[in-house]
Amino acid sequence: MVQQNSANSNESLVEHMWRNKVITHPMVRSAFLKVDRGQYAPGDAYDDSPQVLGHHATISAPHMHAKAVESLLPYLLPYTKSQQATNGVEEDVVGVRGRRRRILDIGSGSGFLVHMLAELAGETAVVIGVDHIDGLRKLGETNMRRSPEGAALLATGRVRFCLGDGRKGWPTANLVDGDDGEGWDAIHVGAAAVKLHDELVRQLRSPGRLFIPVAEEENNWSSDKHIWTVDKDEKGNITKTKHYQVKYVSLMDALGAAPHLST
Ligand code: SAH
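Computed from a prediction, not measured in an experiment: that's the story for all the values here.

Conventions adopted
Residues numbered from 1 in each chain as written. Predicted model: local features only at pLDDT ≥ 70, side-chain atom pairs only at ≥ 80, totals over all residues. Heavy atoms only, no water. Pairing = 2+ DSSP bridges. Helix = DSSP H or I, 4+ residues; strand = E, 2+ residues; numbered from the N terminus. Buried < 20%, exposed > 50% of the residue type's maximum accessible area, 1.4 Å probe, protein only. Axes fitted to C-alpha atoms, helices over the stretch in contact; angles between N-to-C directions. Salt bridge = Lys/Arg side-chain N within 4 Å of Asp/Glu carboxyl O. Core = buried A, V, L, I, M, F, W, Y, C linked by side-chain atoms within 4.5 Å. Contact = heavy atoms within 4.5 Å. Near = heavy atom within 4 Å. Polar contact = N/O pair within 3.5 Å; in protein donor to acceptor, adjacent residues only side chain to side chain. Areas by Shrake-Rupley, 256 points an atom, 1.4 Å probe, with all protein chains shown as cover. Nonpolar A, V, L, I, M, F, W, Y, C, P; charged D, E, K, R; others polar. Phe/Tyr/Trp six-rings, centres within 6.5 Å; stacked < 30°, edge-to-face > 60°. Lys NZ or Arg CZ within 6 Å of the ring centre and 35° of its normal. Parallel < 35°, antiparallel > 145°, perpendicular 65-115°, else oblique.

Trainee: Which parts of the structure should I look at to understand the pairing of strand β9 (residues 238-246)?
Mentor: If a strand is regular, its side chains alternate between the two faces of the sheet. Taken together, the seven bridges between strand β8 (residues 225-232) and β9 define a ladder with antiparallel strand orientation. Looking at β9, one finds that Thr-229 is bridged to Thr-241. If you look at the hairpin formed by β8 and β9, you'll find five residues sitting between the two strands, and Gly-236 has a positive phi there, around 95 degrees.

Trainee: Please explain helix α3 (residues 62-72) as it appears in this structure.
Mentor: An α-helical turn contains 3.6 residues, so any two residues separated by three or four positions project in the same direction. For α3, the buried fraction is high: ten of the eleven residues fall into the buried class. For α3, every residue scored as buried is listed here: Pro-62, His-63, Met-64, His-65, Ala-66, Ala-68, Val-69, Glu-70, Ser-71 and Leu-72.

Trainee: I tried to follow the sheet that holds strand β3 (residues 102-106) on my own but got confused; where do I start?
Mentor: Where strands meet in a sheet, backbone hydrogen bonds hold them as pairs that are either parallel or antiparallel. Taking strand neighbours across the sheet as the criterion, the seven strands line up as β5-β4-β3-β6-β7-β8-β9 in an open arrangement whose pairing is mixed. Two strands in the sheet have a free side with no partner beyond their single neighbour: β5 (159-163) and β9. Each neighbouring strand pair of the sheet contributes to a mean axis angle of 15 degrees, computed without reference to strand direction. As paired strands, strand β7 (residues 204-215) and β8 are joined by eight bridges and run antiparallel to one another. Bridged to Pro-213 within β8 is Ile-227.

Trainee: Help me understand the pattern of salt bridges in this model?
Mentor: Side-chain pairs of opposite charge can arise whenever the charged atoms involved come near each other. Per the stated rule, a full pass over the model turns up 13 salt bridges. Arg-167 is paired through a salt bridge with Asp-165; the nearest N and O atoms lie 2.9 Å apart. Here Arg-167 falls in the buried class, since its relative accessible area comes to 4%. Salt bridges linked by common partners bring Asp-134, Arg-137, Lys-138, Glu-141 and Arg-145 together as one network.

Trainee: It is not clear to me how the nonpolar core should be interpreted in this structure. Could you clarify?
Mentor: In a soluble, globular protein the nonpolar side chains are often hidden away together inside. The biggest cluster of nonpolar side chains holds 52 residues, and the ones touching the most others in it are Phe-32, Leu-76 and Met-116. In contact with Met-116, not counting residues within four places along its chain, are Ala-31, Phe-32, Val-35 and Val-69. Judged by nonpolar contacts, the second largest core, of 21 residues, contains Val-126, Leu-200, Ile-212 and Val-230.

Trainee: I'm lost on the site of the ligand in this one. Help?
Mentor: Around the ligand lies a shell of 22 residues, among which His-65, Ser-110, Asp-131, Gly-166 and Met-252 are the nearest. Take Ser-60: an N or O atom from its main chain is 2.9 Å from an oxygen atom of the ligand. Within the side chain of Ser-110, one N or O atom sits 2.6 Å away from an oxygen atom of the ligand. Across the complex, the protein chains shield 99% of the 570 Å² of accessible surface that the ligand would expose by itself. For the shell around the ligand, the leading source of residues is strand β2 (residues 57-59), giving three residues. Among the residues making up the shell around the ligand, the classes are represented as seven nonpolar, twelve polar and three charged.

Trainee: How do you make sense of the environment of Ser-250 when you look at a structure like this?
Mentor: By the element assignment, Ser-250 lies in the segment after β9. Separated by 143 residues in the primary sequence, Ser-250 and Gly-107 have C-alpha atoms spaced 9.8 Å apart. With residues near it in sequence (within four places) discarded, Ser-250 still touches Ala-191, Ala-192, Trp-221 and Lys-225.

Trainee: Sorry, what's going on with unusual backbone geometry here?
Mentor: For residues that are not glycine, phi is negative in most cases, and the peptide bond is trans in most cases. Note that the residue after Ser-206, namely Pro-207, is joined by a cis bond; omega there is 0 degrees. Tracing the backbone shows Pro-207 in strand β7. Located in the positive-phi region is Lys-21, a residue other than glycine, with phi close to 60 degrees. Its place among the elements puts Lys-21 in the loop between α1 (10-19) and α2 (26-34). For Lys-21, a relative accessible area of 64% gives the class exposed.

Trainee: What should I look at first to understand the packing of aromatic side chains in this one?
Mentor: Given two aromatic rings, one states the distance between the centres and the angle between the planes to describe the pair. Taken as a whole and judged by the stated rule, the model has two aromatic pairs. With a centroid separation of 5.8 Å and 55 degrees between ring planes, the pair formed by Phe-32 and Phe-112 is classed as tilted. A residue pair is termed long-range when its members are at least 10 positions apart, and Phe-32 in helix α2 and Phe-112 in helix α5 (residues 112-121) qualify at 80 residues. The class of Phe-112 is buried, set by a relative accessible area of 2%. Feature note: the residues Phe-32, Tyr-40 and Phe-112 constitute an aromatic cluster, connected by ring pairs. The lysine or arginine in question, Lys-67, covers the ring of Tyr-244, its NZ or CZ lying 4.1 Å from the ring centre.

Trainee: Looking at this model, I keep getting lost on the packing of helix α6 (residues 134-145) against helix α7 (residues 148-155). Mind explaining?
Mentor: Packed helices, taken two at a time, are described by their axes: the angle between them and the distance between them. Running from amino to carboxyl end, α6 crosses α7 at an angle of 120 degrees, the nearest separation of the two axes being 6 Å. With respect to α7, the axis of α6 lies oblique. Each of Glu-141, Met-144 and Arg-145 in α6 lies in contact with α7, whose residues at this interface are Gly-150, Ala-151, Leu-153 and Leu-154. In the contact of α6 with α7, the residues fall into four nonpolar, one polar and two charged.

By themselves, these figures tell us nothing about what the structure is for.
Encoded structure:
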């Protein structure tokens, strides 16, 4: 984990993460330089720590945002031959040429990651943030409007903040163009689940990746939590990988502290 850092600007925060190899891809570095965390965090925006947003939510620490974006990057970048040669990620970019990227951020909170994901996924991508508390759904949208770039992304209609229970994912049927097939290239979950929700895996495209913090013991939300990734390859085969331990607030029922245990 990156050393605690009290930076006084977005640039110094990003450079700190770059020096400590939390950010390793030049494209991620440049996106983090473009999307100012000060637009999204209520205070101490450039500390490498989570900050309270209200409604039992926090904006995740910058190093956690960076790790999530680095993990999802091959599923975010537009897949074209020419970009493969120049974007520094080369053969790691996963996808089907010509497909419009579709990205889902569950537990969008401050909105920071929605903006970051949209920045990396490019101008044809669809990026949807889902939160189950309307105050937070609106917060994400309001924060994003605070920069001309964020406002422009919202104005296209391809970047949206929606209200819903993220454990069910989000339907892509009304986002599908032509015979592009349903599902998400990348799903990020910003709160800890009590299990790997099959419905989210089902909603992945082939290929696609889910990034999700999950409690160690199924249906025990107070147990240790780890990041998991679930990859669906082009043939639909699923690979589940358990990564490092993390601290996250829980995915829960709206309007209450009780965790949702049944789905
Ligand atoms: N990734 C965001 C927020 C993290 S806090 C950021 O860094 O700003 C976790 C978020 O998950 C909160 O906004 C909370 O309201 C949301 N959340 C919790 N349970 C949820 C559920 N069942 N469906 C959708 N969002 C949920």
